[in-house]
Amino acid sequence: MAENETSDQAEAMARAEQRHNEDRVLDSGALRALAHPLRVKIYDILSQYGPQTASSLAERLGESSGATSYHLRALAKHDLIQEAADRGTGRERWWERPVGGVSFASPDAMTTPAGRAATQVVMNEFLRNRNDQLLEFVNRGIGGEDEMWQEGTLISTATARLTPEQSKELALKIMALIDEAVDNYRNQSGENVRPVTIRADLFPLPEIGGQS
């Protein structure tokens, strides 16, 4: 790798680390407010598809607009979501997720049983939703749908033997690439533009058979 490429990558990694050090870490109150399966789904839809109303969420989730409105207010109380000021009307309010990273790994929450339970609910529901989306996409692909997207899709796993320092370096490289894509295309619109979920799973495996 050329020296200037190495320097550019190092700068991108440093920016990624600084950026995600500033992610909002949800406190116990926010985690407890989010710790409901329907609220996690609402939060995720706002994250992936942009502003929604109570009615549009109700239609998507098969719920009443009264139920989604109630949950939206509960999320807004802890600043997990906010009104989309430029889209509001006298008849119905639009809601959006604030721009910026969020971390569910709250040291504050981990100090109490209630906080740990709330964190577990949120993480389980979040990952379940994302896994359901992955399986749905795979099943659509098997059925011949989304053919035009196949070459731009990556579903891959790999294993490497790393130290904690090497794992952090790899995580920063991945985050820098994701941040670049998000910054460049967050608000893109036009033909064939769709929300694309980007997943990066990187974690140590448990020891088995006396090997680490």
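In the block above lies the structure referred to throughout.
Here the structure is a predicted model, which means the values were calculated and not measured.

Time to look at the packing of aromatic side chains. Enumeration over the complete set of coordinates arrives at one aromatic pair. Note on Phe104 and Phe126: the rings are 5.7 Å apart at their centroids and 75° apart in plane angle, and the pair reads as edge-to-face. Placement of the pair is Phe104 in the loop between β5 (102-103) and α6 (113-142) and Phe126 in helix α6, with a sequence separation of 22 residues. By relative accessible area, which is 11% here, Phe104 ends up buried. Classification of Phe126 by relative accessible area gives partly exposed; the value is 21%.

Pairs may arise between side chains of opposite charge once their charged atoms sit close together. Scanning all chains against the criterion turns up ten salt bridges. For the salt bridge of Lys173 with Glu169, the shortest nitrogen-to-oxygen distance reads 3.5 Å. Of this pair, Lys173 and Glu169 both sit in helix α7 (residues 164-185), four residues apart, which is roughly one turn of the helix. Its relative accessible area of 28% is what places Lys173 among the partly exposed residues. Accessibility expressed as a relative area gives 37% for Glu169, which makes it partly exposed. For the salt bridge of Arg199 with Asp201, the shortest nitrogen-to-oxygen distance reads 3.5 Å. Judged by relative accessible area, Asp201 falls into the exposed class, the value being 56%. Each of Arg19, Asp179, Asp183 and Arg186 takes part in salt bridges that share partners, so that together they form one network.

Turning to the environment of Tyr185, a few remarks are in order. By the secondary structure assignment, Tyr185 is in helix α7. Tyr185 sits in the exposed class, given a relative accessible area of 51%.

A word on the environment of Arg19. Assignment of secondary structure puts Arg19 in helix α1 (residues 3-21). A relative accessible area of 29% places Arg19 in the partly exposed class. When the C-alpha atoms of Arg19 and Ile155 are compared, they prove to be 26 Å apart, with 136 residues separating the residues in sequence. There is a polar contact of 2.6 Å between the side chain of Arg19 and the side chain of Asp183.

Conventions we followed
- Residues numbered from 1 in each chain as written.
- Predicted model: local features only at pLDDT ≥ 70, side-chain atom pairs only at ≥ 80, totals over all residues.
- Heavy atoms only, no water.
- Phe/Tyr/Trp six-rings, centres within 6.5 Å; stacked < 30°, edge-to-face > 60°.
- Helix = DSSP H or I, 4+ residues; strand = E, 2+ residues; numbered from the N terminus.
- Buried < 20%, exposed > 50% of the residue type's maximum accessible area, 1.4 Å probe, protein only.
- Salt bridge = Lys/Arg side-chain N within 4 Å of Asp/Glu carboxyl O.
- Polar contact = N/O pair within 3.5 Å; in protein donor to acceptor, adjacent residues only side chain to side chain.

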